Amino acid sequence: MVMVFYGSNGKSNPVSMENKVEHQTENQITYDIHLPSDLGMLYKVRLGLQSLENTISQLSLRHFKIQNTSTLDTFSLTINKTLPLSSNGDRWIEFPIQWPLKEALSVVTYHLTVFSINILNERNLVHMTACIYGTHGDTGDRSLLQSWQNVQQGEKNESFLVMVDAVDLGELEKIVLLISSKTDCKLGIKKLHVQEAAREHPIYVFEVNEEFSVNANKPKIQREIQRSFVIRGETQKNDIDNNLNKEGSKLKNLTEYTIKVYTGSKRGAGTDANVHIILFGNEDKSEVFQLSQSLEHQNPFERGKVDTFKIRTKKLGSLRSIEIGHDGKGFANGWFLEKVEITDAVQNSVHCFNCNRSVDQSVITLYMLFSF
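Figured I'd write up the structure that's included with this text. Quick caveat: nothing in here was measured; it's all calculated off a predicted structure.

As a further point, take the packing of aromatic side chains. Going through the model one piece at a time under the given rule, you end up with four aromatic pairs. An aromatic cluster is present here, built from Phe301, Phe309 and Trp335 joined pairwise through their rings. Above the face of the Tyr133 ring, Lys174 is positioned so that its terminal group lies 4.7 Å from the ring centre. Here the basic side chain of Lys191 rests over the ring of Phe115, its NZ or CZ set 5.0 Å away from the ring centre.

The structure is reproduced here in structure tokens:
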């Protein structure tokens with residue numbers, strides 16, 4: 001069993017209850033856990049099963065009680081549910097924490113509709129999860145292919161509905177998709193719609209319009225999809241049309257960059273850490289990009305290898321510098337970076353950033369050496 005605690009200042013890492021039993025009776029288990037002091041006032045708990053690989057595993061929950069051992073503030077709730085939930089196969093439940101004199105959030109059922117191509121045909125081999133983010137936190141990774149409703153399947157188009165129960169997320173902001181497969185396949189996702197089950201509006205629209213090439217021997221594909229626009233009712237049709245026009249203009253203003261990363265040939269030059277990059281131009285800077293899906297190699301940043309990545313971001317103007325670094329994770333996390341070459345597809349120009357030194361866990365800034 002795993003718990004995630006959400007506070008006014010953020011959320012905890014998943015807390016595994018394994019080896020944390022303080023004492024146990026026939027119908028009650030007490031755990032002693034230590035949460036970061038900077039979480040702030042706790043407002044919700046997500047509780048679930050670490051894995052569903054063992055289909056026999058079930059967890060019957062009757063009552064939940066949490067007490068701050070310093071202040072003795074106590075919250076208790078009757079749950080009476082069994083995980084995984086029989087209604088939709090979800091392995092997580094969420095509930096708000098209502099402290100004295102504090103207003104608690106409500107639990108909401110969200111309808112997430114996936115408009116796709118070929119996913120239902122591959123559903124027995126594909127694993128896909130979505131994490132919905134809002135102003136009040138996130139849902140954590142929820143399975144999209146375990147159970148669905150309102151399936152519509154045509155020759156080229158399909159859609160299906162997934163229900164997600166979560167504490168009120170507030171205004172929805174983005175969705176992070178994780179896709180993996182037991183076999184090589186191509187999956188097309190057009191868009192995602194999210195709305196509260198009890199309300200016709202608002203409908204949050206997340207445009208994807210991407211065909212994913214899923215490789216069974218490569219890591220999971222991760223995509224962060226920002227909210228495209230919100231349908232708030234017929235009275236706001238003009239606003240919706242304006243938003244669509246704005247989003248179309250944004251797509252036209254995107255620039256594609258091809259990034260070639262050269263790892264040195266010295267002994268121990270490669271790294272298993274997670275590498276990220278930021279591009280700086282004379283007009284703007286890009287968001288942070290994780291360089292994880294190399295076009296050449298399953299394991300990027302190996303000794304003496306060149307890895308190619310493609311990104312799309314807003315127009316930055318002429319490239320001036322980059323920031324590149326890694327998180328220090330993995331057994332071999334030291335990395336000798338030779339250089340980075342970036343091709344601007346719009347201007348058809350190549351920019352070279354030399355490094356020729358080791359990159360530790362901190363970020364380094366490289367300035368353009370030359371372009372052609």
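Moving on, there is more to tell.
With that settled, consider the sheet that holds strand S23 (residues 289-290). The four strands lie next to each other as S23-S22-S25-S28, forming an open sheet whose pairing is antiparallel. One side of each edge strand has no neighbouring strand; the edge strands of this open sheet are S23 and strand S28 (364-367). Pairing between strand S25 (residues 319-326) and S28: four bridges, direction antiparallel. Residue pairing in the sheet places Ile324 in a bridge with Ile364 of S28.

As a further point, take the nonpolar core. Ile179, Ile189 and Leu192 are the most contacted members of the largest nonpolar core, which totals 34 residues. Leave out the neighbours within four places in its chain, and Leu192 touches Leu112, Thr113, Val114, Ile175, Leu177, Tyr204, Val205, Phe206, Val208 and Ile225. Core analysis: the next-biggest nonpolar cluster, separate from the first, contains 24 residues, Val261, Ile277, Trp335 and Val359 among them.

Bringing the pairing of strand S10 (residues 107-117) into the picture now. Taken together, the ten bridges between S10 and strand S15 (residues 158-167) define a ladder with antiparallel strand orientation. Counted as the bridge partner of Val114 is Phe160 from S15. Relative to strand S17 (residues 185-196), S10 runs antiparallel, the two being bridged by eight bridges. Looking across to S17, one finds that Ile117 is bridged to Gly188.

Attention shifts here to the environment of Leu35. Tracing the backbone shows Leu35 in the loop between strand S5 (29-31) and strand S6 (42-48). Taking the C-alpha atoms as reference points, Leu35 and Val15, 20 residues apart in sequence, are found 8.9 Å from one another. Setting aside residues up to four positions removed in sequence, Leu35 forms contacts with Phe5, Ser12, Val15 and Leu42.

Another point: the pattern of salt bridges. Applying the stated criterion to the full structure yields twelve salt bridges. Glu94 is paired through a salt bridge with Arg46; the nearest N and O atoms lie 3.9 Å apart. Note that Glu94 is positioned in strand S9 (residues 92-96) and Arg46 in strand S6, a separation of 48 residues in sequence. Like Glu94, the residue Arg46 is buried in the burial classification. For Glu94, the salt bridge identified is with Arg142, shortest N-O distance 3.3 Å. A residue pair is termed long-range when its members are at least 10 positions apart, and Glu94 in strand S9 and Arg142 in strand S13 (residues 142-143) qualify at 48 residues. Judged by its relative accessible area of 2%, Arg142 falls in the buried class. Salt bridges linked by common partners bring Lys11, Lys44, Arg46, Glu94, Asp138 and Arg142 together as one network.

The next subject is the layout of surface pockets. Size it by volume and the second largest pocket reaches roughly 1,500 Å³. When residues of the lining of the second largest pocket are traced back to their parent elements, those giving at least two are strand S1 (2-7), strand S4 (21-24), S5, S6 and strand S7 (59-67). Examining the composition of the lining of the second largest pocket, we find that nine residues originate from one element, S7, more than from any other. Tallied by class, the residues present in the lining of the second largest pocket amount to 20 nonpolar, 15 polar and six charged.

About the criteria used
- Residues numbered from 1 in each chain as written.
- Predicted model: local features only at pLDDT ≥ 70, side-chain atom pairs only at ≥ 80, totals over all residues.
- Heavy atoms only, no water.
- Phe/Tyr/Trp six-rings, centres within 6.5 Å; stacked < 30°, edge-to-face > 60°.
- Lys NZ or Arg CZ within 6 Å of the ring centre and 35° of its normal.
- Pairing = 2+ DSSP bridges.
- Helix = DSSP H or I, 4+ residues; strand = E, 2+ residues; numbered from the N terminus.
- Core = buried A, V, L, I, M, F, W, Y, C linked by side-chain atoms within 4.5 Å.
- Buried < 20%, exposed > 50% of the residue type's maximum accessible area, 1.4 Å probe, protein only.
- Contact = heavy atoms within 4.5 Å.
- Salt bridge = Lys/Arg side-chain N within 4 Å of Asp/Glu carboxyl O.
- 1 Å grid on protein atoms, 1.4 Å probe; cavity = no way out; pocket = protein on both sides within 12 Å on 5 of 7 lines; lining within 4 Å.
- Points joined across faces, edges and corners; volume = space filled by probe spheres on them.
- Nonpolar A, V, L, I, M, F, W, Y, C, P; charged D, E, K, R; others polar.

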